[in-house]
Amino acid sequence: MADISSISQNNTVAHISKVAQMGKEQQQAEGKIIMDLIAAADAPAPSPPSASVGQNINTRA
């Protein structure tokens, strides 16, 4: 017959192990989401300015 305290200790160790595994999986999922967001936020190259922009500069004070 198993001792009650050893059964309780085994259950505690099993729960701690399961929680640690779930935490690791959650962290990996969040890391993947972050990497996907960074990749999606990659801005396209800016378009060249139009020819008239910056050609007329007001020099009067």
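Described below are features of the structure shown in this document. (Residues numbered from 1 in each chain as written. Predicted model: local features only at pLDDT ≥ 70, side-chain atom pairs only at ≥ 80, totals over all residues. Heavy atoms only, no water.)

**Let's talk about the overall build of the chain**
A tally of regular secondary structure across the chain gives 1 helix and 0 strands. Of all 61 residues assigned to the chain, the portion counted as buried reaches 0%. (Helix = DSSP H or I, 4+ residues; strand = E, 2+ residues; numbered from the N terminus. Buried < 20%, exposed > 50% of the residue type's maximum accessible area, 1.4 Å probe, protein only.)

**A word on the pattern of salt bridges**
This model, assessed by the stated rule, comprises 1 salt bridge. Asp36 is the partner of Lys32 in a salt bridge, and the nearest nitrogen-oxygen pair spans 2.9 Å. Here Asp36 and Lys32 lie together in helix α1 (residues 4-40), a separation of 4 residues that amounts to about one turn. Lys32 gets classed as exposed once you look at its relative accessible area, which sits at 53%. (Salt bridge = Lys/Arg side-chain N within 4 Å of Asp/Glu carboxyl O.)

**Details of a nonpolar patch on the surface**
Taken together, the side chains of Ile34, Met35 and Ile38 present a nonpolar region at the surface, about 320 Å² in accessible area. As for its position among the elements, Ile34 is in helix α1. (Patch = residues over 30% accessible without salt bridge, like charges linked within 9 Å, V, L, I, M, F, W, Y side chains within 5 Å. Areas by Shrake-Rupley, 256 points an atom, 1.4 Å probe, with all protein chains shown as cover.)

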